[in-house]
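# Topology and contacts: notes
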Amino acid sequence: MSRRYEIDVTPDLVEKDDDGWYPQLRMHYYLTLGREFLTNRDAKRAKAQLEAGENSVWKPDFNKGQLLPAVLLLENLNLLQFLTPDVQLRGTDEKMLEFKALAVTHRQVIKNYLDVSVSEKLTPIAFPLRVAEGIAQKLLAKIDLKLDYVGRLGKRENRECVYRFVAPDDQRNSIFGQWFNRDEVFLSESVSVSNNISTTTPVTDIISLSISLRGDKMV
């Protein structure tokens, strides 16, 4: 566990790890600070799987080991836009409505690559005390983050639930710093990957999602 997180192991860290913190933290890292290392990480994993399988892999295992499609999906959904501290968010905000529409349109892709169910019935953020019902909250949970409920603000006849992001005090920044230093060393020492190994899995629906957002093809 010390090698996994590269910090001192504490009872709190053991408990978090038992609750599945590592894959959440890893997703957050490659979505942010470690993004430049993700392609190399997936290529190394693909190479190891091919070597272990004598140049053949079982596709479900291969797909499960590749993080790039899930990270691309979260990028294209612009999930990180909600992580600005002290900015108040309402479900009727234009960017929230756009976010929900995009997530609903691509709900099958989200289910396939993030195992998160999205439907038109869900709110963009959440209902008070029922956090799991919000699309943003469900996706933020994939990186172990959430939007905090502030209260109901506005005039009596038009009050809305308001949320904001509060950065957690959970040592993830220290862990990310250690991972970044490690990955810089690995990248400098890495060797060329054979041309017959694709560093990304061709995924038609991920490409379609990117095209719908940016109007051009992914590279």
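Residues numbered from 1 in each chain as written. Predicted model: local features only at pLDDT ≥ 70, side-chain atom pairs only at ≥ 80, totals over all residues. Heavy atoms only, no water.

### With respect to the pattern of salt bridges
Per the counting criterion, the structure on display carries eleven salt bridges. Between D144 and R172 there is a salt bridge, with its nearest N and O atoms 3.3 Å apart. Separated by 28 residues along the polypeptide, D144 in the loop between α9 (135–140) and β2 (147–153) and R172 in helix α10 (residues 172–189) bring together distant segments of the chain. Linked through salt bridges whose partners overlap, the residues forming this network are E6, R182 and D183. (Salt bridge = Lys/Arg side-chain N within 4 Å of Asp/Glu carboxyl O. Helix = DSSP H or I, 4+ residues; strand = E, 2+ residues; numbered from the N terminus.)

### Concerning unusual backbone geometry
Positive phi outside glycine occurs at D86, with the angle close to 70°. Relative to the assigned elements, D86 resides in the loop between α6 (68–76) and β1 (89–90). Overall, D86 belongs to the exposed group, its relative accessible area being 58%. Even without a glycine there, the phi angle at D115 is positive, about 55°. Examined against the element boundaries, D115 turns out to sit in the loop between α8 (107–114) and α9. On the basis of relative accessibility, which here comes to 56%, the residue D115 falls in the exposed class. (Buried < 20%, exposed > 50% of the residue type's maximum accessible area, 1.4 Å probe, protein only.)

### Some points on the nonpolar core
Ranked by size, the top nonpolar core spans 50 residues in total, and within it I110, L114, L139 and L147 carry the most contacts. Elements with a minimum of two residues in this core: α3 (21–31), α6, α7 (94–105), α8, α9, β3 (160–165) and α10. Ignoring sequence-local partners within four residues, the contact set of L114 consists of M27, A70, L73, L74, V109, L139 and K142. (Core = buried A, V, L, I, M, F, W, Y, C linked by side-chain atoms within 4.5 Å. Contact = heavy atoms within 4.5 Å.)

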